[in-house]
Amino acid sequence: MDSLSMQQKTLSEAEFKKIGAYIEKNVGIKMPPEKRMMMQSRLASRLKALHLDSYKAYIDYVFSGKDTDNHELIMMIDAMTTNLTEFFREPQHFDFMRNVALPGYAAQKLNKIKIWSAGCSTGQEPYTLSMVMSEYIKQNPLGSIRDFSVLATDISTKVLDKAASAVYPMDAVKGVPQQIMHQYFLKGKNPANPAVRLKQDIRSHVNFMRLNFMDDEYGFRDTFQIIFCRNVLIYFDKANQEKVIRQFLRYLEPNGYLFLGHSETIFGMDLPFKTVAPTVFQRI
């Protein structure tokens, strides 16, 4: 490759700052200088898909009005988001649900539990929540809780499509207990590509929706007893973390629970929560 081609395929500092500023302002994700090579690598496939020969041409396409339906803007945001998840991740949260939160709601004679998986990635979290709820209802047949729903949102259309399919490679379920596997998963029939799919009774309780935490309005009016937003806010600065959690307060019912990731906290924020377990907060 000649020096001109190399230069065209290198993301300059100015180009990085322009895209990074947009991502930070509109999505909330921090873009420090050390993410420049990551951005260059992840956007390289977008240049190829659009048959563009430089990042300058890409920026011109995205920001000058040529991207008339904002399709590429969404693809750019997809490329910049990080999606790491697994089934039954941070299991102490699900233990708290079974042992504290759900029995508490049952004592209040609540019939239906509404849960929001905010930042659902490829779907393992909301489907885990659906399985936990299904197990709880089966194990408490005389209890008041008879139904539940899970709203699963993410900014990335790519991971939402994957999540909605409910199909996962065998590696993705290697930590799932065998009893749960037999109860809630179907094995694929292609030995060359071993995979599983969640059964319909688990999928039917989960609804997927694209949502940007930085939007002023989230596009729904439901309120929830439980909100999971784990390992998402670590990519935001503190001001945007607090902004997002204040948005959650609009949708979290009084005494409802907010679950954050193991490395996340609301310490130092003036918010109406009390800590009831590690990274579990109850609205006051």
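Residues numbered from 1 in each chain as written. Predicted model: local features only at pLDDT ≥ 70, side-chain atom pairs only at ≥ 80, totals over all residues. Heavy atoms only, no water.

## With respect to the state of the cysteines
One pass over the structure, following the stated rule, counts zero disulfides. In this structure Cys120 is not part of a disulfide, and its nearest cysteine sulfur, from Cys229, lies 11 Å away. Given the relative accessible area of 1%, Cys120 is considered buried. (Disulfide = S-S within 2.5 Å. Buried < 20%, exposed > 50% of the residue type's maximum accessible area, 1.4 Å probe, protein only.)

## Things to note about helix H2 (residues 13-27)
Given a rise of 1.5 Å per residue, 15 residues ought to cover 21 Å, and the 20 Å separating the end C-alpha atoms of H2 matches this to within 8%. Within the span of H2, buried status applies to Glu15, Phe16, Ile19, Gly20, Ile23 and Val27. For H2, the angular spread of the buried residues around the axis is 120°, confining them to a single face. Turned more than 90 degrees away from the buried face of H2 sit Ala14, Lys17 and Lys25, all of them exposed. Contact partners of the buried residues in H2: helix H3 (36-50), helix H4 (55-63) and helix H5 (71-80). (Helix = DSSP H or I, 4+ residues; strand = E, 2+ residues; numbered from the N terminus. Expected span 1.5 Å × (residues − 1). Arc of directions from axis to C-beta. Contact = heavy atoms within 4.5 Å.)

## Looking at the packing of H4 against H5
Taken N-terminus to C-terminus, the directions of H4 and H5 make an angle of 125°; their axes are 8 Å apart at the nearest point. Judged by the inter-axis angle, H4 sits oblique to H5. In the crossing of H4 with H5, the sense of the turn from one axis to the other is left-handed. Counted together, Tyr58, Tyr61, Val62 and Phe63 of H4 and Glu72, Leu73 and Met76 of H5 form the full contact between these two elements. Split into classes, the residues belonging to the contact of H4 with H5 amount to six nonpolar, no polar and one charged. (Axes fitted to C-alpha atoms, helices over the stretch in contact; angles between N-to-C directions. Parallel < 35°, antiparallel > 145°, perpendicular 65-115°, else oblique. Left-handed = near helix turned anticlockwise from the far one by under 90°. Nonpolar A, V, L, I, M, F, W, Y, C, P; charged D, E, K, R; others polar.)

## Re the confidence of the model for the chain
Averaged over all residues, the pLDDT of the chain is 91; the fraction at 70 or higher stands at 96%. Below a pLDDT of 50 lies the segment residues 1-7, which in the model reaches one contact outside its immediate sequence neighbourhood of four places, other chains included. (pLDDT = per-residue confidence, 0-100.)

## Thoughts on the sheet that holds strand S3 (residues 167-169)
Remark on secondary structure: sheet strands pair via backbone hydrogen bonds, oriented parallel or antiparallel. Read from one edge of the open sheet, three strands run S3-S5-S4, paired in antiparallel fashion. Of all strands in the sheet, those bounded by a partner on one side alone are S3 and strand S4 (185-187). Pairs of neighbouring strands in the sheet enclose a mean axial angle of 30°, with direction left out of account. Summarising the sheet, S4 and strand S5 (residues 195-198) pair through three bridges and their orientation is antiparallel. The residue bridging Phe185 from the neighbouring strand is Leu198, located in S5. (Pairing = 2+ DSSP bridges.)

## Focus on the sheet that holds strand S9 (residues 273-277)
Sheet architecture is open: seven strands sit in the order S6-S2-S1-S7-S8-S10-S9, paired in mixed fashion. Of all the strands in the sheet, the pair left with one neighbour each is strand S6 (206-210) and S9. The average undirected angle you get between the axes of adjacent strands in this sheet is 20°. For strand S7 (residues 224-229) and strand S8 (residues 252-260), the ladder comprises five bridges, and the chain directions are parallel. Considered in S8, the bridge of Cys229 is made with Leu260. In this fold helix H7 (residues 124-139) packs onto strand S1 (112-118), strand S2 (147-154), S6 and S7, with an angle of close to 170° to the strand it touches most, S2. Sheet strands touched by helix H8 (residues 157-165): S2 and S6. Its angle to S6, the strand with the most contacts, is close to 165°.

## Brief notes about the pairing of S7
Where burial is concerned, most of S7 is hidden: six out of the six residues are buried. Here three bridges tie S1 to S7, and the two strands are oriented parallel to one another. Residue pairing for S7: Ile115 is matched across the bridge by Ile226. Regarding topology, helix H11 (residues 238-249) serves as the crossover connection from S7 to the parallel S8, and that connection is right-handed. (Right-handed = clockwise from strand over helix to strand, strands pointing away.)

## With respect to the nonpolar core
Counting 47 residues, the largest nonpolar core has Ile23, Leu43, Trp116, Phe213, Ile245, Phe248 and Phe273 as its most contacted members. Going through the elements one at a time, H2, H3, H4, H5, S1, S7, H11 and S8 are the ones with two or more residues in this core. Tallying contributions element by element places H5 first for this core, with five residues. The contacts of Phe248, once residues within four sequence positions are left out, are Trp116, Ala118, Phe213, Ile227, Cys229 and Leu258. Judged by nonpolar contacts, the second largest core, of 42 residues, contains Phe94, Ile115, Tyr136 and Ala166. (Core = buried A, V, L, I, M, F, W, Y, C linked by side-chain atoms within 4.5 Å.)

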